[in-house]
Amino acid sequence: MRLKTLELVGFKSFAQKTVLDFTSGITAVVGPNGSGKSNIIDALRWILGEREAKNIRGARAEDLIFAGTPQRPRSGMAQATIVFDNSDHFFPVDYNEVSVTRKLAREGTSEYLLNEAPVRLKDIIDFFAQARLGTKGLTIVNQGNSDIFVKADPKERRVMVEEVLGLRQFQLKKHEAERKLFNTKINLDKVRAMLDEIMPHLRLLRRQASKWEKQADVEKELRQLEEQYFGGRLFEITKDFQGLEPQIEKVNQESGIKNQELKQLNAELQKVEKSLPAGRQAAQKKLQLQGFLNKKSLLQKEIGRLEAQIEFLSSQPKSDIKGAEAIRLLEEVRQTLQKAAVENDLGILKTALRGLAEKIERLLASGTEDRGGKIKELEKTKTKILADLAAIDGELAELAKTEDKLAENLRGFNAVFKKAFEAAEAKKDEIQKLENEKNKLLFDKERVSIHRQELENLAMQSGRRLKEFEALRPGLGQSPQDFAEIEKRMFKLRAELAGIGELDPALIKEAQETEGRYNFLSGQMADLDKASEDLTVLIKDLDEKIHAEFEGAFKSINEQFDRYFKLMFDGGKAHLKLIKDEPKSQPTSEEVVEEPVEDAADEDLGHKVDHGGLEVSVSIPRKKISGLDMLSGGERSLVSIAALFALISVSPPPFLVLDEVDAALDERNARRFADLIKDFAKKTQFLLVTHNRATMEVAEILYGITMGDDGTSRVLSLKLE
Ligand code: ATP
C-alpha cells in the first residue's frame, strides 16, 4: 500500500484544486511561515476521521472551508481526497486503488466517500484502524507536538502504541461490543421488569384459560360423540327405512297382480253362476209332473168307477138299469174330464174323454141298447182310459228321466261352481295375507320414522339437527350397548360443560394477548440473554487478543526504545512500564449510542476500559533526573522520537506524517533523525513538514508551498535526485 495523491479543494487556504503526489518514500513540504504547509497535515488528519476541531486548528467546522480573501470569494465547501495504491491489497478490499473523500459544506452537511460510495464516519475509522492508521496515535504528529509521547498520560501512550500495533481496530470492536452489552443489559432489565409486571396477571389468566381449554376439549369430545351417536343411529334408521321401502313396493306389486287375478276369477265365477240350469225349467217340469200325477190318480179313480158300473151292469137285468144313474155317472165323468181339461193340456186325452162322454150320452139317450152293449162300451172306455193311463205313465217316466238329468246337471254345475268359488276365495286369502304383510311393513315404517323423530328430538336437545349428520358415514356399526355407553358419556360431558360455565370472550382475548406479550417478551429476553452472552464472549476474546498482542510486542518495543534512546542521547537508559489501570468503569447511559455520532467524543470510551497505561522512565547520561518534567524541550522531543522509532521499528505503519518534529533538534540530532527516517522509509512512507536542511536532504520529493497574492496557497514541486 502506498499513499498516492492528496487532492484539496476549498480546504482552508487551498481554495483552488491542488494535487500533491506522494510517489516517493519521503516527501518533504517546505515553505515560509504561514504559507499553508500545516493545512496539508490538517487535511490528512481530517480525512483519517479526526473529530476534534482543535486538532485541526479550527474553532468551528466551517473554519475548514476557504474563508475568502479580498481577492477571492469564499468557498461553499471544503473537500479533501486521499488516494492509495492498493495493488498489494493492504486494505482488505478488492480495489487496486482506494480513495477516501471527506466533504463539508458550509451549511454544515458532511459526507464520507470510500471509493466514491457514501459511508459512515465509523466505517472510515474502522477502515483505517485495520491499516494501523488513525488520529489517536503517532500516525500524524502535529507541529509543536514533537514531545507528544512524553506529554501524553499513560493511557494515551498506550493508545498510541495500540494504534501502531494495529490493535485499535480490536479496541474499537471491543468498545462497540461493550457499548452494545451495556445497552443489552439495560434492555434486559427493562424486559425483565415488564415480565415481572405481567406475570401475576398472566398466571391468573392462565388458570382461567386452562379451564376454557378443558371446555374446548370437552366440547370437542362431545361433538365427536354426537357425531358417532347421531351419525351411527341415523345411519341405521336410514338403512332400516331404505330396507322397508322396496319390500312395501314388492308387496304392493304382488297385491296388484293378485287383485287382477281375483278380478279374473270373479268374472269366471259369474260366468259359472250364469251357466246354472234354469230354475224355471225345473219348476215347470215339477208342475208338469204334479199335473200328470193328479191326472193319473183321477183316471185311476175313474177306472175304478167304470169297473164298478160295469160290475153293476153285469149283475143287473138290462131293464133295471137305471138310466138316471148312468146319466149321473156319465155326467160325473164328463165333469171330471172337463175339470181335468182345465188344468191339463193333454189335448188328446181331453178330446178322447169328451168323445167317450158323448158316446155314453148317446147310449143312454137311445135307451134301447142292451146292457151287454153298454158294458161293452164301458169296457172299451175302460181300455181307452187304461191306455191313456199308460201314456201318462210313459210321460211320467219321461219326466223322471228329465229330472234325473237335471239333477245330474246340477251336480256338475255345483262342482264347477265350487271350484271357481274356491279359487276366488283362495285368491282373496292370498290378497288378505299380502295386505297383512303390507300392514306389518307399514307399521314397521311408521315405527322407524318414530325412531327418527325421537332421534331428532334428542339432537335438538343438544342444539344439533339430524341433517348435520346425514352426510356422515360412521365406521363399523356400533352395537346398542355401544350407543348406550355413548349416550351415558354424552350426558356426563354435558353436565361437565354446564359446570365450567360461560366463556368470557373479552377475558379470552386478554389471555391470548397477554400470552402473546409474554411470549414476545420471553423471546426478547432469550435473544438479549444470548446477545449478552455472545458479546461477553466477544469482549473476552478481544481482550485476550489485545492483551496477548500487546504483551507480545511490548518487550520488543521496550528494547527498541532503549536502543533508540541510547542512540539519541549517546548512552543512558529508557524504559516503558505497564501500569495497571483502575477497575473498569462502565460507560454512562448518555454515552450509550448505537452508532458513534460525528464529533461526539464517545470514542474515548474505548481506552477507559484498557488494561492499563504506560509509564516512561529514562536516565540521561551524566544527568540525574527524577521525572520527565525535568527534561528540556529538545530532550522531550528526543525521548518522543525514540519512542516513535521504537514503535515503527517493531510495527511499521504504511505512512507517517510529521509536522516539524525535528524543529527542536540540534544539528547533530537533526542529522541522526534524517538518517533514521531514511532507514525507516524502506517500510514506511513519510510526509514531513520541515525547515531543516538535513531532513530536506533525505527527501525524494520536495514541495514548496507559497502564499499567493490572492491569499491562497500554491504548490511548487521539486523532484530531487
Ligand atoms: P508555519 O511554517 O509558520 O508553521 P505554515 O506553512 O504551516 O506556517 P499554515 O499554518 O499551514 O502555515 O497556514 C496558515 C495559513 O492558512 C494562514 O495564512 C491562514 O490565514 C490560512 N488559513 C487557515 N485557514 C484558512 C481558511 N479557512 N481560509 C483561508 N485561509 C486560511
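Residues numbered from 1 in each chain as written. Predicted model: local features only at pLDDT ≥ 70, side-chain atom pairs only at ≥ 80, totals over all residues. Heavy atoms only, no water.

J.: Can you lay out the overall build of the protein for me, pointing to particular residues and giving the numbers?
T.: A count of helices and strands for the protein gives 16 helices and 14 strands. Counting only residues that meet the buried cut, the protein has 43% of its 721 residues in that class. Taking all contacts inside the protein whose residues are at least 6 apart in sequence as the whole, residues at least 24 apart take part in 76%. When the accessible area of the protein is evaluated, it comes to approximately 39300 Å², of which 53% is carbon and sulfur surface. (Helix = DSSP H or I, 4+ residues; strand = E, 2+ residues; numbered from the N terminus. Buried < 20%, exposed > 50% of the residue type's maximum accessible area, 1.4 Å probe, protein only. Contact = heavy atoms within 4.5 Å. Areas by Shrake-Rupley, 256 points an atom, 1.4 Å probe, with all protein chains shown as cover.)

J.: I'd love a proper account of helix H4 (residues 154-165), names of residues and values included.
T.: Given a rise of 1.5 Å per residue, twelve residues ought to cover 16 Å, and the 17 Å separating the end C-alpha atoms of H4 matches this to within 8%. For H4, the tally of buried residues reaches nine of twelve residues, placing the bulk of the element in the interior. Of the residues making up H4, those classed as buried are Arg157, Arg158, Val159, Met160, Val161, Glu162, Glu163, Val164 and Leu165. Immediately beyond the C-terminal end of H4, within one or two residues, lies glycine 166, with a positive phi of roughly 80°. (Expected span 1.5 Å × (residues − 1).)

J.: An account of the site of the ligand is needed here, citing residue identities and associated values.
T.: Inspection of the region around the ligand gives 19 residues, with Asn33, Gly34, Lys37, Ser38 and Arg57 positioned closest. Take serine 35: an N or O atom from its main chain is 3.2 Å from an oxygen atom of the ligand. Separating an oxygen atom of the ligand from a side-chain N or O atom of glutamine 143 is a distance of 3.2 Å. With the chains in place, 74% of the 640 Å² that the ligand exposes on its own is no longer accessible. If you tally residues by element for the shell around the ligand, the top one is helix H1 (residues 37-47), at three residues. Residue classes in the shell around the ligand are distributed as five nonpolar, nine polar and five charged. (Near = heavy atom within 4 Å. Polar contact = N/O pair within 3.5 Å; in protein donor to acceptor, adjacent residues only side chain to side chain. Nonpolar A, V, L, I, M, F, W, Y, C, P; charged D, E, K, R; others polar.)

J.: Mind laying out the packing of aromatic side chains, listing which residues take part and the relevant values?
T.: Tallied over the entire structure, the rule returns 19 aromatic pairs. Seen from their ring centres, tyrosine 229 and phenylalanine 483 are 5.7 Å apart, and the 85° between their planes marks the pair as edge-to-face. Of this pair, tyrosine 229 sits in helix H5 (residues 168-274) while phenylalanine 483 sits in helix H11 (residues 480-500), placing them 254 residues apart in sequence. By relative accessible area, tyrosine 229 is classed as buried at 1%. Through a chain of ring-to-ring contacts, the aromatic side chains of Phe84, Phe90, Phe91, Phe127, Phe128 and Phe655 assemble into a single cluster. Sitting above the plane of the tyrosine 518 ring, arginine 206 keeps its charged end 4.8 Å from the centroid. In this structure, arginine 563 packs its charged tip against the face of tyrosine 564, placed 4.7 Å from the ring centre. (Phe/Tyr/Trp six-rings, centres within 6.5 Å; stacked < 30°, edge-to-face > 60°. Lys NZ or Arg CZ within 6 Å of the ring centre and 35° of its normal.)

J.: Account for the pattern of salt bridges, with residues named and values stated.
T.: Side chains that differ in sign of charge can pair as their charged atoms come close. Taken as a whole and assessed by the stated rule, the structure comprises 53 salt bridges. With its nearest N and O atoms 2.9 Å apart, the salt bridge here joins glutamate 176 to lysine 122. Placement of glutamate 176 in helix H5 and of lysine 122 in helix H2 (residues 121-130) is noted, with a sequence separation of 54 residues between them. Overall, the relative accessible area of 18% leaves glutamate 176 in the buried class. You can call lysine 122 buried: its relative accessible area is 12%. In this structure, glutamate 456 engages arginine 465 in a salt bridge whose closest nitrogen and oxygen atoms are separated by 3.5 Å. Since its relative accessible area comes to 13%, glutamate 456 is described here as buried. For arginine 465, a relative accessible area of 43% gives the class partly exposed. Here the residues in one salt-bridge network are Arg223, Glu226, Glu227, Arg464, Glu468 and Arg494, joined through shared partners. (Salt bridge = Lys/Arg side-chain N within 4 Å of Asp/Glu carboxyl O.)

J.: With reference to specific residues and values, describe the pairing of strand E6 (residues 110-114).
T.: Regular strands show a simple pattern: their side chains alternate between the two faces of the sheet. One ladder, built from five bridges, connects strand E5 (residues 97-105) with E6; its direction is antiparallel. For valine 100, the partnering residue across the bridge sits in E6 and is leucine 114. Counted between consecutive antiparallel strands, the loop separating E5 from E6 contains four residues, among which glycine 108 sits at a positive phi close to 110°. (Pairing = 2+ DSSP bridges.)

J.: Go over the confidence of the model for the protein, please, and point to the residues and values.
T.: Note: predicted coordinates in regions of low pLDDT should not be interpreted at a detailed level. Per-residue confidence for the protein gives a mean pLDDT of 83; residues scoring 70 or more make up 86%. Counting contacts from residues 583-610, a segment whose pLDDT is below 50, to residues more than four positions away or on other chains yields 60 contacts. (pLDDT = per-residue confidence, 0-100.)

J.: Account for the pairing of E5, with residues named and values stated.
T.: For E5, the buried fraction is high: eight of the nine residues fall into the buried class. Strand direction decides the pairing type here: strand E4 (residues 77-85) and E5, joined by nine bridges, are antiparallel. Within E5, the position partnered with threonine 81 by the bridge is threonine 101.

J.: Residues and numbers for the nonpolar core, please.
T.: Counting residues in hydrophobic clusters, the biggest one holds 61 residues, and the most contacted among them are Phe561, Val639, Phe645, Leu658 and Phe686. For this core, the leading source of residues is helix H12 (residues 505-569), giving eleven residues. Once residues lying within four places of it in the same chain are set aside, the contact partners of phenylalanine 686 are Gly25, Ile26, Thr27, Ile648, Leu656, Leu658, Ile677, Phe680 and Ala681. (Core = buried A, V, L, I, M, F, W, Y, C linked by side-chain atoms within 4.5 Å.)

J.: Can you lay out the sheet that holds strand E1 (residues 2-9) for me, pointing to particular residues and giving the numbers?
T.: Taken in spatial order, the six strands line up as E2-E1-E4-E5-E6-E7 in an open sheet, and their pairing is antiparallel. If you trace the sheet from one side to the other, it starts and ends with strand E2 (18-21) and strand E7 (117-119), each paired once. Within this sheet the neighbouring strands show an average axis-to-axis angle of 20°, counted without direction. Here seven bridges tie E1 to E4, and the two strands are oriented antiparallel to one another. Paired with arginine 2 across the strands is aspartate 85, a residue of E4. Running at roughly 75° to E4, H1 makes contact with E1, E2, E4, E5 and E6 of the sheet. (Axes fitted to C-alpha atoms, helices over the stretch in contact; angles between N-to-C directions.)

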